[in-house]
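Remarks on the overall topology
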Amino acid sequence: MISNWIDISMSLYPGMVQRPGDPPFQMEPVTDRKNGDKVPVSKISMSSHAGTHIGAPVKCEKSFQDNEQTEFSATIGLAKVIEIQDRNSVKAEELKKHRIYSHDRILLKTRNSASDWYSEHPPEDTIFLDRTAAAWLAERRVSTVGIDALFIGGKHKNGKEIARMLIQAGIVIIEGLEFSRVKPGEYMLICLPLKIPNGDGAPARAILQPVR
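Residues numbered from 1 in each chain as written. Predicted model: local features only at pLDDT ≥ 70, side-chain atom pairs only at ≥ 80, totals over all residues. Heavy atoms only, no water.

1. Side note on helix H4 (residues 159–168)
- Listed in full, the buried residues belonging to H4 are Gly-159, Ile-162, Ala-163, Met-165, Leu-166 and Ile-167.
- Check the buried side of H4 and you find it contacts strand S4 (53–55), helix H3 (131–140) and strand S8 (172–175).
- Positive backbone phi, at 85 degrees, marks Gly-170, one or two positions downstream of H4. (Buried < 20%, exposed > 50% of the residue type's maximum accessible area, 1.4 Å probe, protein only. Helix = DSSP H or I, 4+ residues; strand = E, 2+ residues; numbered from the N terminus. Contact = heavy atoms within 4.5 Å.)

Dropping the structure here:
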């Protein structure tokens, strides 16, 4: 019986937290049973980087779904949830204290998971990867890096560069994860994005199962 899966995805709803400048999530009915429509249908409008998503900056000229086998192997399998103690950013110095190897799926739980994810805009003091962490993970050639933030590299001027460093190393990025009910340790990860060929990002549903 499957009973111990943990949903680490963000809910999608109007007024949800979003990246500054992105179009908001909107859902409006197209049909109305009062007018005789038998099947309820809604129109959904949203950013490709809304909520929990897999992102690939267009400037990297590489879509996450260019290779489906890479996609599945990166987001399905054993993953390590690492709780970051640094209150300001994720740094290589702290990551080096953990056993991280090539092809690992690394999920970073920061104090972001205890923040207010229900306001419209991300907290100003959200934790992100710094350049040392991105360079070290790229050098280790991990398979996947996930984080409980909407920008893995932050909103500062180096944010896109940090994301680019990971993607150019072949690392899949999962952003907008929610780890409030997750303890550090090893888990089975399933994270599948919507199938959007040539997309710059895709919303995803992510779940974890503890490894006993």
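2. Side note on the pairing of S8
- Residues Val-172 and Ile-174 of S8 are buried on one face, and the alternating residues Ile-173 and Glu-175, pointing to the opposite face, are buried as well.
- As paired strands, S4 and S8 are joined by 3 bridges and run antiparallel to one another. Of the residues in S8, the one forming a bridge with Gly-55 is Ile-173.
- In this structure, strand S7 (residues 144–147) lies alongside S8, joined through 3 bridges in parallel fashion. Within S8, the position partnered with Gly-146 by the bridge is Ile-174. (Pairing = 2+ DSSP bridges.)

3. Some thoughts on unusual backbone geometry
- Phi is positive for His-103, which is not a glycine, with a value near 75 degrees.
- By relative accessible area, which is 61% here, His-103 ends up exposed.
- Within the chain, Arg-141 stands out as a residue other than glycine whose phi angle is a positive 60 degrees.
- Relative to the helices and strands, Arg-141 resides in the loop between H3 and S7.

4. Focus on the side chain of Ser-113
- By the element assignment, Ser-113 lies in the loop between strand S6 (105–109) and H3.
- Given the relative accessible area of 8%, Ser-113 is considered buried.
- A polar atom in the side chain of Ser-113 sits 2.7 Å from the side chain of Asp-148.
- Not counting residues up to four positions away in its chain, the partners in contact with Ser-113 are Asp-148, Glu-178, Phe-179 and Ser-180. (Polar contact = N/O pair within 3.5 Å; in protein donor to acceptor, adjacent residues only side chain to side chain.)

5. Some words on the environment of His-49
- Its location among the elements puts His-49 in the loop between strand S3 (42–45) and S4.
- In the structure, His-49 is positioned 151 residues away from Asp-200 in sequence and 8.3 Å away in space, judged by C-alpha atoms.
- In this structure the side chain of His-49 is engaged in a polar contact, spanning 2.8 Å, whose partner is the side chain of Asp-200.

6. Describing H3
- When H3 is considered as a whole, its buried residues turn out to be Ala-133, Ala-134, Trp-136, Leu-137 and Ala-138.
- Once H3 ends, the next one or two residues include Arg-141, with phi positive near 60 degrees.

7. Considerations on the nonpolar core
- Core analysis: the largest hydrophobic core is formed by 35 residues, its most contacted members being Val-90, Leu-95, Leu-108, Leu-129 and Leu-137.
- Every element with two or more residues in this core is listed here: helix H2 (92–95), S6, H3, S7 and H4.
- If we skip the residues at most four places from it in the chain, Leu-108 touches Ile-82, Ile-84, Val-90, Leu-95, Leu-129, Val-145, Gly-146, Ile-147, Asp-148 and Phe-179. (Core = buried A, V, L, I, M, F, W, Y, C linked by side-chain atoms within 4.5 Å.)

8. Examining the packing of H3 against H4
- Orientation of H3 relative to H4, taken along the N-to-C sense of each, is 10 degrees, at an axis distance of 8 Å. On the basis of the axis angle, H3 is roughly parallel to H4. On H4, the residues touching Arg-131, Ala-134, Ala-135, Leu-137 and Ala-138 of H3 are Glu-161, Ile-162, Met-165 and Leu-166.
- Class assignment of the residues belonging to the contact of H3 with H4 gives a composition of 7 nonpolar, no polar and 2 charged. (Axes fitted to C-alpha atoms, helices over the stretch in contact; angles between N-to-C directions. Parallel < 35°, antiparallel > 145°, perpendicular 65-115°, else oblique. Nonpolar A, V, L, I, M, F, W, Y, C, P; charged D, E, K, R; others polar.)

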